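A structural walkthrough
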Amino acid sequence: MSLEPENENVNENVNENVNENVNAEAGEPSPLTDTPAAAENETAMPEIPATQEERVVYRWDYREQRAAAATAATAERRKSLGIYIGLVCAMFAVCLGVLIAVHELGHFLAAKACGVQVNEFSIGMGPTLLKKQGKETLYSLRLLPLGGFCAMEGEDEDTGDPRAFTRQSAWKRLIILCAGAAMNFLIGLILIFLVFST
């Protein structure tokens with residue numbers, strides 16, 4: 001039985017170890033330890049202070065940096081949440097204003113159809129931005145988009161005008177009062193049809 005191949009492998013391993021030791025003493029890079037990845041990891045590691053006092057300061061600075069980063073993240077989240085809440089409130093106000101304006105438009109159209117005098121029809125509330133006097137009705141656009149109103153003659157009290165709301169028959173008054181809700185229902189059906197048709 002021959003032992004020559006095993007001796008050759010042992011000799012090769014010994015020669016490799018000797019070459020590595022010689023390269024390390026000469027300052028040449030080792031193929032196992034002095035790779036670019038190892039050098040990169042060494043440069044990425046932070047320097048740890050040598051004395052106990054420096055370590056305390058180092059830990060304190062690290063905690064302050066973490067606290068500052070957490071505070072900045074919390075402020076950013078609060079800012080984003082505030083913007084989101086503001087947008088939601090604005091959209092809610094606009095949608096509510098549209099619903100009320102459509103509701104009042106139903107009252108207005110029904111009153112005109114039943115021969116009731118309408119003194120003013122307004123979209124929005126608050127100070128007047130635009131207004132136009134029609135034949136008998138004042139049309140106005142107001143600052144706050146939170147609804148509107150339809151001011152009919154004799155709506156609150158009997159003024160003696162034959163075209164006043166209180167002077168109309170019961171079925172006409174019922175039609176005028178129900179027209180607002182009917183208009184909202186009709187707009188809802190139209191929106192549903194448009195959404196599902198696309």
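Residues numbered from 1 in each chain as written. Predicted model: local features only at pLDDT ≥ 70, side-chain atom pairs only at ≥ 80, totals over all residues. Heavy atoms only, no water.

1. Describing the pattern of salt bridges
Counting across every chain of the model gives 3 salt bridges. One salt bridge in this structure joins Lys 112 and Glu 136, with 3.1 Å as the shortest N-O distance. One end of the pair, Lys 112, is in helix H3 (residues 52–113); the other, Glu 136, is in the loop between strand E1 (118–133) and strand E2 (138–152), and 24 residues separate them in sequence. Here Glu 136 falls in the partly exposed class, since its relative accessible area comes to 24%. In this structure, the salt-bridge partner of Glu 136 is Arg 163, at a minimum N-O distance of 2.7 Å. Taken together, the residues Glu 136 in the loop between E1 and E2 and Arg 163 in the loop between E2 and helix H4 (170–197) connect sequence positions 27 residues apart. (Salt bridge = Lys/Arg side-chain N within 4 Å of Asp/Glu carboxyl O. Helix = DSSP H or I, 4+ residues; strand = E, 2+ residues; numbered from the N terminus. Buried < 20%, exposed > 50% of the residue type's maximum accessible area, 1.4 Å probe, protein only.)

2. Regarding the packing of aromatic side chains
Applying the stated criterion across every chain, the model contains 2 aromatic pairs. Relative to Tyr 139, the ring of Phe 108 lies with its centre 5.9 Å away and its plane at 75 degrees, an arrangement referred to as edge-to-face. One end of the pair, Phe 108, is in helix H3; the other, Tyr 139, is in strand E2, and 31 residues separate them in sequence. Here Phe 108 falls in the buried class, since its relative accessible area comes to 9%. Linked through ring pairs, Phe 108, Phe 121 and Tyr 139 together constitute an aromatic cluster. (Phe/Tyr/Trp six-rings, centres within 6.5 Å; stacked < 30°, edge-to-face > 60°.)

3. Here we look at the nonpolar core
One finds Phe 108, Ala 110, Ala 111, Cys 114, Val 116, Val 118, Phe 121, Cys 150, Met 152, Phe 165, Ile 176 and Ala 179 forming the largest nonpolar core, which totals 12 residues. Taken together, the elements giving at least two residues each to this core come down to H3, E1, E2 and H4. Per-element tally for this core: the top contributor is H3, with 3 residues. Other than its neighbours up to four places away in sequence, Ala 179 contacts Gly 106, His 107 and Ala 110. (Core = buried A, V, L, I, M, F, W, Y, C linked by side-chain atoms within 4.5 Å. Contact = heavy atoms within 4.5 Å.)

4. Thoughts on the side chain of Glu 104
Inspection of the secondary structure puts Glu 104 in helix H3. No salt bridge forms around the buried Glu 104; measuring N to O, its nearest opposite-charge neighbour Arg 142 is 11 Å away. Here Cys 150 takes part through its backbone nitrogen, which lies 3.2 Å from a polar atom of the side chain of Glu 104. Setting aside anything within four residues of it in sequence, one finds Glu 104 in contact with Phe 121, Gly 148, Phe 149 and Cys 150. (Lys, Arg positive; Asp, Glu negative; His and termini not counted. Polar contact = N/O pair within 3.5 Å; in protein donor to acceptor, adjacent residues only side chain to side chain.)

5. Concerning a nonpolar patch on the surface
On the surface, a cluster of nonpolar side chains totalling about 700 Å² of accessible area is made up of Ile 123, Met 125, Leu 129, Leu 130, Leu 141, Leu 143, Leu 144 and Leu 146. Counting residues per element, the ones that place at least two in the nonpolar patch are E1 and E2. Position of Leu 144 among the secondary structure elements: in strand E2. Classification of Leu 144 by relative accessible area gives partly exposed; the value is 40%. (Patch = residues over 30% accessible without salt bridge, like charges linked within 9 Å, V, L, I, M, F, W, Y side chains within 5 Å. Areas by Shrake-Rupley, 256 points an atom, 1.4 Å probe, with all protein chains shown as cover.)

6. A word on the environment of Gly 106
Looking at where Gly 106 falls in the secondary structure, it is placed in helix H3. In this structure, the C-alpha to C-alpha distance between Gly 106 and Gly 180, residues 74 residues apart in sequence, is 4.4 Å. Gly 106 has contacts with Ala 179, Gly 180 and Met 183, leaving out every residue within four places of it along the chain.

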